[in-house]
Amino acid sequence: VQLQASGGGWVQAGGSLRLSCAASGLTFSRYATGWFRQSPGKEREFVAAISWNLVKTAFADSVKGRFTISRDNAMRTVSLQMNSLKPEDTAVYYCAAEQNSGTRLRMASSYYDYWGQGTLVTVSS
């Protein structure tokens with residue numbers, strides 16, 4: 001199983017970035033997918049998740065209204081559109097997959113079975 005995240009980079013505050021994650025080696029449509037992030041000295045935190053059937057989404061309070069999550073089961077990809085970025089959004093962003101055929105989304109990282117390698121997002125003030 002491989003989750004390959006991409007799209008990170010440097011952006012000024014107020015700008016936008018779009019992260020993508022390509023999955024291989026798993027039956028993608030049986031997995032909920034999420035994004036987490038980790039800043040230096042902080043624990044990994046939940047950002048957003050989407051159910052296998054695209055019916056349900058969940059967001060951390062800190063990103064609601066600014067970030068959207070989407071997925072394409074045919075292409076086996078999940079994306080995170082990040083708008084109105086703030087310096088506090090600076091982190092390494094990880095995509096993750098949880099075997100979950102329901103629509104209850106998990107915010108705890110311990111539920112997720114597979115993780116990507118991370119992509120760095122830097123937001124300057």
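Use the structure listed above.
Because the structure is predicted, anything quoted here is derived from the model rather than measured.

### Considerations on the environment of Ser 84
Among the structural elements, Ser 84 can be located in the loop between strand E8 (77-82) and strand E9 (91-99). For Ser 84, a relative accessible area of 40% gives the class partly exposed. Sequence-wise, Ser 84 and Val 121 are 37 residues apart; in three dimensions their C-alpha atoms are separated by 13 Å. Ignoring sequence-local partners within four residues, the contact set of Ser 84 consists of Gly 14, Gly 15, Ser 16, Arg 66 and Asp 89.

### Some details on the sheet that holds E8
Taken together, four strands build an open sheet; the order of strands is E1-E3-E8-E7 and the sheet is antiparallel. Whereas interior strands pair on both sides, the edge strands pair on one side only; in this sheet they are strand E1 (2-6) and strand E7 (67-72). When strand polarity is set aside, the average angle formed by the axes of neighbouring strands in this sheet is 15°. Two strands pair when backbone bridges link them, and E1 and strand E3 (residues 17-24) are joined in this way by five bridges, in the antiparallel orientation. By the bridge assignment for E3, Gln 4 is matched with Ala 22.

### Looking at the side chain of Gln 81
If you trace the backbone, Gln 81 turns up in strand E8. Of the polar contacts made by the side chain of Gln 81, one reaches the side chain of Asn 83; its length is 2.9 Å. Ignoring sequence-local partners within four residues, the contact set of Gln 81 consists of Ser 16, Leu 17, Arg 18, Arg 66, Phe 67 and Thr 68.

### Some thoughts on the pairing of E9
The buried fraction of E9 amounts to seven of the nine residues, a majority that puts the element mostly inside the structure. In this structure, E9 lies alongside strand E11 (residues 119-124), joined through three bridges in antiparallel fashion. In the sheet register, Tyr 93 faces E11, and the bridge partner there is Thr 119. Inspection of the sheet shows E9 paired to strand E10 (residues 114-115) by two bridges, in the antiparallel sense. Opposite Ala 97, over in E10, you have Tyr 114 as the bridge partner.

Each value, and the rule that gives it
- Residues numbered from 1 in each chain as written.
- Predicted model: local features only at pLDDT ≥ 70, side-chain atom pairs only at ≥ 80, totals over all residues.
- Heavy atoms only, no water.
- Helix = DSSP H or I, 4+ residues; strand = E, 2+ residues; numbered from the N terminus.
- Buried < 20%, exposed > 50% of the residue type's maximum accessible area, 1.4 Å probe, protein only.
- Contact = heavy atoms within 4.5 Å.
- Pairing = 2+ DSSP bridges.
- Axes fitted to C-alpha atoms, helices over the stretch in contact; angles between N-to-C directions.
- Polar contact = N/O pair within 3.5 Å; in protein donor to acceptor, adjacent residues only side chain to side chain.

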